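The lines below spell out each chain.
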Amino acid sequence: MVQGTTSNAGKSLTVAALCRIFKQDGLKAAPFKSQNMALNSYITADGAEMGRAQVMQAEAAGILPDVRMNPILLKPTSDCGSQVIVNGKARGTMPAKEYYPYKKQLIPDILAAYRSLAAEYDVIVIEGAGSPAEINLRENDIVNMGLAELVDAPVLLVGDIDRGGVFASLYGTVELLEAHERDRIKGLIINKFRGDVDILKPGLDMMEQRLHIPFVGVVPYLYLDIDDEDSLSERLQAKRQEALLDIAVIRVPRISNFTDFAPLERIPGVSVRYVTRTEELKNPDLILLPGSKNTMDDLKWMRQNGLEAAIKKYAAAGNAVFGICGGYQMMGQTLADPDGVEAGGRMDGMCLLPTHTTFCADKTTTQVHGAFGAVDGLLSGLSGIAFDGYEIHMGETTYAPRTKPLTAITRGDQPVQDGAAAGNCYGTYVHGIFDREAVSKALVSALLTRRGLSDADVQTFDADVYKQQQYDLLADAVRKALDMDTVYRILNREV
């Protein structure tokens, strides 16, 4: 099990690296996280919903994502409540105060998923959440030391040196644990180090003397392009340099699945910026409206801060706006929530697309395959291009008369129309729609052509091939940084 002294200490990538290393060494490895809180989720082939961190780790392990790898997913709907997803299916929305005592009832689900995976794989690499030293949460812990005890897992503890105070955070975390919990920690890792490791040696020696726990490695700060999670993502804060093309993503408060835009971020000459204020919007080549866990509240937020008016003015000038899932719903004429699935009530949409959305308790979770129809306007180059993706939404969208669908998809075995287009405004329910190289290249080519620039040198990437290259780079760097002999001894209960 990999635990961290804090959130964002590097647990997810450490698990991914170990999964890849074990795969390279001929072992069948699978990731596991009993409870994940994230708005970035994924739909498996059988229609189950799970956190994207475990999807990324499964990809690193060279296996298909499986909901057993993340039996509990919490998707925040507000500051105090989350939708609770168990074994890939929503069980409703709970305030934190209600969920805290309830979660112990989920231990059978957690153990069933873990034991089922353990029966099929040589190694299970478990990821903790936050810090095991959150002593106010210890009583009902099902994701850190509580889980480690349930499945009898040895623990590697990771500290992030980049934020400062790594020795204090490692020492304090260990000292705040009960004696039997400290005994589970078999190795310490310092993560995100920049510089000469020899400079750390006095501190490493002192820590080992005081804690009687060995360091198994110091991992350097890695400049890799691997999917990360939610608001902790550095890409949401990054200030992009000027480029040939400027794409603005509206960073709504409850943004979800921003990984939809990763394929565009990887293209040289394309700047993808995440915008929260009207003064940041400027005049991009394309505006993207992302998914949202609370579409109505996020639209109200845009309405109040002036972003909605700015986007409508931008679209009226003939520029392109593209919405995915919640962003697509916002672009319609009306949003209705008669059952209180989100904010309740009814409100006008942005009126950029001739559609109407009604929220309902039934959640659509499915993988899809499809192709763009005959697309008009600036993005006509997308016409006929095939794509793969997945849907996660709790709304049904209907069309006004003579509305032109954006795509035709196969949902299960059923062919259906998806999305809508009007002028230079486009919307779809399909997450991952830009993942195929042909789609992202056609989109960028269309925007360059409008600017009077050549698309001859557009360098795009096959998403799957690119990811595998990044996982190999991750594994190579972590293998070099860690004492893998000690890791294997811990794994084999020799330490």
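Before any of the text, the structure's been laid out above.
Residues numbered from 1 in each chain as written. Predicted model: local features only at pLDDT ≥ 70, side-chain atom pairs only at ≥ 80, totals over all residues. Heavy atoms only, no water.

(A) Up close: the environment of Asn8. Residue placement: Asn8 occurs in the loop between strand S1 (2-4) and helix H1 (11-24). Each C-alpha atom of the pair Asn8 and Gly159 lies 9.4 Å from the other, and the pair is 151 residues apart in sequence. (Helix = DSSP H or I, 4+ residues; strand = E, 2+ residues; numbered from the N terminus.)

(B) Representation of the nonpolar core. Judged by nonpolar contacts, the single largest core of 83 residues is most densely connected at Leu18, Phe32, Tyr99, Ile126, Ile185, Ile190 and Leu482. Looking at this core element by element, the count peaks at seven residues for H1. Residue contacts for Phe32: discarding those within four places in its chain leaves Arg68, Met69, Pro71, Ile110, Ala113, Tyr114, Leu117, Ile124, Val125, Ile126, Glu127 and Leu147. Core analysis: the next-biggest nonpolar cluster, separate from the first, contains 66 residues, Met330, Met347, Met350 and Leu382 among them. (Core = buried A, V, L, I, M, F, W, Y, C linked by side-chain atoms within 4.5 Å. Buried < 20%, exposed > 50% of the residue type's maximum accessible area, 1.4 Å probe, protein only. Contact = heavy atoms within 4.5 Å.)

(C) The sheet that holds strand S10 (residues 155-160), seen in detail. Taken together, four strands build an open sheet; the order of strands is S1-S10-S11-S12 and the sheet is parallel. Strands at the two margins of the open sheet, each flanked by one partner only, are S1 and strand S12 (215-220). Put simply, the sheet's adjacent strands are angled 25° from each other on average, direction ignored. In this structure, S10 lies alongside strand S11 (residues 185-193), joined through six bridges in parallel fashion. In the sheet register, Val158 faces S11, and the bridge partner there is Ile189. Against the sheet, helix H8 (residues 201-211) makes contact with S11 and S12, and its axis sits at roughly 145° relative to S12, the strand it touches most. (Pairing = 2+ DSSP bridges. Axes fitted to C-alpha atoms, helices over the stretch in contact; angles between N-to-C directions.)

(D) Layout of the packing of H1 against helix H16 (residues 484-491). Direction vectors running N to C along H1 and H16 enclose 90°, while the axes themselves pass 13 Å from each other. Comparing the axis directions of H1 and H16 gives the class roughly perpendicular. Every residue of H16 that contacts H1 at Leu18, Ile21 and Phe22 is listed here: Met484, Val487, Tyr488 and Leu491. Looking at the contact of H1 with H16 residue by residue, the class counts come to seven nonpolar, no polar and no charged. (Parallel < 35°, antiparallel > 145°, perpendicular 65-115°, else oblique. Nonpolar A, V, L, I, M, F, W, Y, C, P; charged D, E, K, R; others polar.)

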